[in-house]
Amino acid sequence: MKRSFPLFLSLFALALVGCGEESDDLPVDGRDFDGVSYSDPAPYTGRVIDGYLSNARVWLDLDGDSQFTPGPLTVELESGTLVTLASGEPTALSGEDGVFVLDIGELLSDPAEAPDLDPRDYPLFAMALPGKTVEQRRNGDQTIEDAYMMSAPPGVRNITPLSTLVRYRRLAGASPLVSGTGSANDSLGSINLLSDYILAGDERAHAYARAFARFMASQFPFSEALAASDADGTERILSPRAAYLLGLSLVQNAGELVGLVDDAASQGGYENVDVAALDFPEVPLELADPLLLTVQQVYAHPENGGLPENRSNLQVSAELHFDYSPDGRLMSVSANGCMMPAMPEMARLINVGGQMAALGVQWLPSISLSLHSRTAYEEEGSAVDERLTFDWEEQRAYFETATSCQEGLADGSALGGPAEITYAWVMTDGQVSELSAVSGLETRTLAPDYTNSAVDPDATDPSPVFNGYRLQVNGVEEVVLSPSGGVSTCVLDEGVKAANHAVSAIQPYSFDAPGAPAGFESLQLEMDTRGDFFRLLRYTFADPVSAGLDHVTANGGFDWTLYYAPQGAPDYVGEQPDLITDAYLTKVRTLASCGREFEDVPSSIFGRVDYGYQRLSEYLTGLVE
């Protein structure tokens, strides 16, 4: 087996350079200060500590995947030289007082062929095994009930919850922990995070470590393999990204955990803190680490005064940023400029509990064509002009604006105070049955109709990418979108099979609304359903308000045409093939045949939206101070 460092781990490793915080200069901290040369096959020893942990699986992570890798393992050095280890990564079970001894004989090479692998260049990992690992405590040994994993930076041989924090803070590029800041992290900055705190008698560090261990165990995913009677900790149960997300979560929540311990210690000392009685935060994680939509760049301001405009002559009118919780749930959308929240798209997101990645096609476009959007975007002093915030527990969402873009809403000077629009929804059988939007001017009520919904049949948790609905305004029905049949596939035209975009399926529907153009009773949804695709390519809708703006020339109807990364392109993601790259708002085109190659990007448009994505781990790393 040949293993190279994953790209994202290699990038994170850059954060290790120049990091000198976390009390690296304190003595007796488990690092190699003795100057021992490992040119001789001496064992590599250290300790596993929460309290001292025996029967914990320890390994030296040579390939950077955060899991034990058996042999034969081929490691590629920076020079390009390949070194093969017949037994895989050095590993052992810890013994009494948490001591482990790793045989590093295979890390030695013939000097004529390759340099030795220095164990101090690689991080250590330790897995606490449920029902097997034993913690030495003052009141007697106790068997660990829940699994958790710890790590230590390269060269550090005490593997503890505190060393785990140090390692992942460095990987995340966090700023140094410095005492005297007045924050909860102030307590961490004043202790040696890499020491054997039991040997040193540091009760405060031990209390923090116990709290961190409990938190890590609460987040570690249950594994049948790890819980089996014959499990020994060599089971591969986490991806590298999942392991990083677990460590990152400790980094993000350490301050709160320390604060809880400090408060409890004020009543009777750190040695008496009952960690099990503390009210820890519950932080769900999405360990699949999906790509999530994090930014939309909107181009809808015409250089020459009117729309439609040549796409090269459109200026940025807004930028939208999407914010997430650690489990990948959308928490808010913030706009520099103006946004146009679409109730059907909100209902689609609500149907998957806010989990953006579960949508497949993430956040269908909806934009404001108001000229005020560019004005707000260029205005200095505030990077957020509008915000849509979700309260998932209360089944509410709130829209705030400080712009003049939204018709019928008061123009404010800053965000804050009562929301201009309050959304509320009702769930029936796990789906939205009603979504209301209440403002000071009107009440809009959306009632989705899931009959003949366009649903990806291969999706694990299918959610309609397109469905019907009825929209009432102040109790009067204004819009009815009705699919008149299911999605039907067709035979592709000759030579179309390998096209980047092909119309391989259609669905007929009608759009009935005041001001809708003639012919809207016979519209057609166009899709690309080849292979793993379930891509919405084109849909038509009526928007008389936008069409009625003075600088817009339109008959009341518009098309959205959507484009995706071609298979094999650098931005194509096999497990998420339906991510929009760019979308164009155009005039309504006449119905065209199914089976054809989808049209190239249009030149005359009302607006364009560029989509930007990040892995959840990358997004969360960006939140670390």
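What you see is a predicted model, and the numbers here were worked out from it, not measured in a lab. (Residues numbered from 1 in each chain as written. Predicted model: local features only at pLDDT ≥ 70, side-chain atom pairs only at ≥ 80, totals over all residues. Heavy atoms only, no water.)

Engineer: Got a sec to walk through the sheet that holds strand 7 (residues 91-93)? Specific residues and values, please.
Structural biologist: Taken in spatial order, the 4 strands line up as 7-4-9-12 in an open sheet, and their pairing is antiparallel. In this open sheet, the two strands that pair with only one neighbour each are strand 7 and strand 12 (148-152). Ignoring which end each strand starts from, the neighbouring axes of this sheet average 20° apart. (Pairing = 2+ DSSP bridges. Helix = DSSP H or I, 4+ residues; strand = E, 2+ residues; numbered from the N terminus. Axes fitted to C-alpha atoms, helices over the stretch in contact; angles between N-to-C directions.)

Engineer: An account of the side chain of S317 is requested, with residue identities and associated values reported.
Structural biologist: Along the chain, the position of S317 falls in strand 16 (residues 314-324). At 3.3 Å, the side chain of S317 forms a polar contact with the backbone nitrogen of A300. When neighbours within four sequence positions are excluded, S317 is seen to be in contact with V298, Y299, A300, H301, N336, G337, C338, S373, R374 and Y377. (Polar contact = N/O pair within 3.5 Å; in protein donor to acceptor, adjacent residues only side chain to side chain. Contact = heavy atoms within 4.5 Å.)

Engineer: Could you give me a rundown of the state of the cysteines, with the residues and numbers involved?
Structural biologist: The final tally for this structure, using the stated rule, is 2 disulfides. Sulfur-sulfur distance for the disulfide between C338 and C405 comes to 1.9 Å. Here the disulfide of C338 and C405 is right-handed, its torsion about the S-S bond being about 65°. In this pair, C338 is assigned in the loop between strand 17 (330-337) and helix 8 (343-351) and C405 in the loop between strand 19 (396-401) and strand 20 (421-428), connecting sequence segments 67 residues apart. Its relative accessible area of 3% is what places C338 among the buried residues. Between C490 and C594 runs a disulfide, and the two sulfur atoms are separated by 1.9 Å. One quick way to see it: the torsion about the S-S bond of C490 and C594 is about -75°, and its sign makes the bridge left-handed. Of this pair, C490 sits in the loop between strand 25 (488-489) and strand 26 (505-512) while C594 is found in the loop between strand 30 (580-586) and strand 31 (604-605), placing the two residues 104 residues apart along the sequence. Under the relative-accessibility criterion, C490 is labelled partly exposed at 27%. (Disulfide = S-S within 2.5 Å. Buried < 20%, exposed > 50% of the residue type's maximum accessible area, 1.4 Å probe, protein only.)

Engineer: Tell me about unusual backbone geometry, and please be specific about residues and values.
Structural biologist: Across the chain, the bulk of peptide bonds are trans and the bulk of non-glycine residues have phi less than zero. For the peptide bond that leads from G71 to P72, omega is -5°, which places it in the cis range. The topology assignment puts P72 in the loop between strand 4 (57-60) and strand 5 (73-76). Cis geometry marks the peptide bond from L307 to P308; its omega dihedral reads 5°. The residue P308 is located in the loop between strand 14 (291-302) and strand 15 (309-310) in this model. The backbone of W363 shows a phi angle near 55°, a positive value even though the residue is not glycine. Within the secondary structure, W363 sits in the loop between helix 8 and helix 9 (372-378). Its identity as a non-glycine residue notwithstanding, Q395 has a phi of 55°, on the positive side. A residue is classified by how much of its surface remains accessible, and Q395, at 29% relative accessible area, is partly exposed.

Engineer: Quick rundown of the pattern of salt bridges? Include the residues and the values.
Structural biologist: Under the defined criterion, the tally for this structure stands at 22 salt bridges. The salt bridge partner of D196 is R47, with a shortest N-O separation of 3.6 Å. One end of the pair, D196, is in the loop between helix 3 (186-189) and helix 4 (197-200); the other, R47, is in strand 2 (residues 44-48), with 149 residues separating them in the sequence. By relative accessible area, which is 24% here, R47 ends up partly exposed. Residues R374 and E378 are paired through a salt bridge, measuring 2.9 Å at the closest nitrogen-oxygen approach. Taken together, the positions of R374 and E378, both in helix 9 and 4 residues apart, correspond to about one turn of that helix. Looking at R374, the relative accessible area reads 15%, which means it is buried. Judged by relative accessible area, which is 49%, E378 ranks as partly exposed. Salt bridges sharing common partners tie together E526, R538, D559, R589, R596 and E599. (Salt bridge = Lys/Arg side-chain N within 4 Å of Asp/Glu carboxyl O.)

Engineer: Any details on helix 2 (residues 161-171)? Residues and values, ideally.
Structural biologist: Most of helix 2 is tucked away, with 11 of its 11 residues classed as buried. All of the buried residues in helix 2 are P161, L162, S163, T164, L165, V166, R167, Y168, R169, R170 and L171. You can read the cap of helix 2 off the contacts: a side-chain oxygen lies 3.0 Å from the backbone nitrogen of L162, and it is on T160. Phi for G173, located one or two positions after helix 2, is positive at around 75°.

Engineer: Describe the packing of aromatic side chains, naming the residues involved and giving the relevant values.
Structural biologist: For the structure on display, the rule yields 17 aromatic pairs. Consider the rings of W392 and W425, whose centres lie 5.6 Å apart with planes at 55°: the pair is tilted. Pair noted here: W392 is in the loop between strand 18 (386-391) and strand 19 and W425 is in strand 20, with a separation of 33 residues, a long-range link. The pair W392 / W425 is uniform in exposure class, with both members buried. Stacked on the ring of Y168, the Lys or Arg R167 has its end atom at 5.3 Å from the ring centre. Across the ring face of F533, the terminal group of R535 is positioned such that the distance to the ring centre comes to 3.7 Å. (Phe/Tyr/Trp six-rings, centres within 6.5 Å; stacked < 30°, edge-to-face > 60°. Lys NZ or Arg CZ within 6 Å of the ring centre and 35° of its normal.)

Engineer: Describe the confidence of the model for the protein chain, and please don't skip the residues or the numbers.
Structural biologist: Of the residues in the protein chain, 91% reach a pLDDT of 70 or more, and the chain-wide mean stands at 91. Note on residues 1-21: pLDDT is under 50 here. Beyond four places in sequence and across chains, it has 46 contacts. Confidence drops under pLDDT 50 across residues 23-31; counting only partners more than four residues distant or on other chains, this segment forms 32 contacts. (pLDDT = per-residue confidence, 0-100.)

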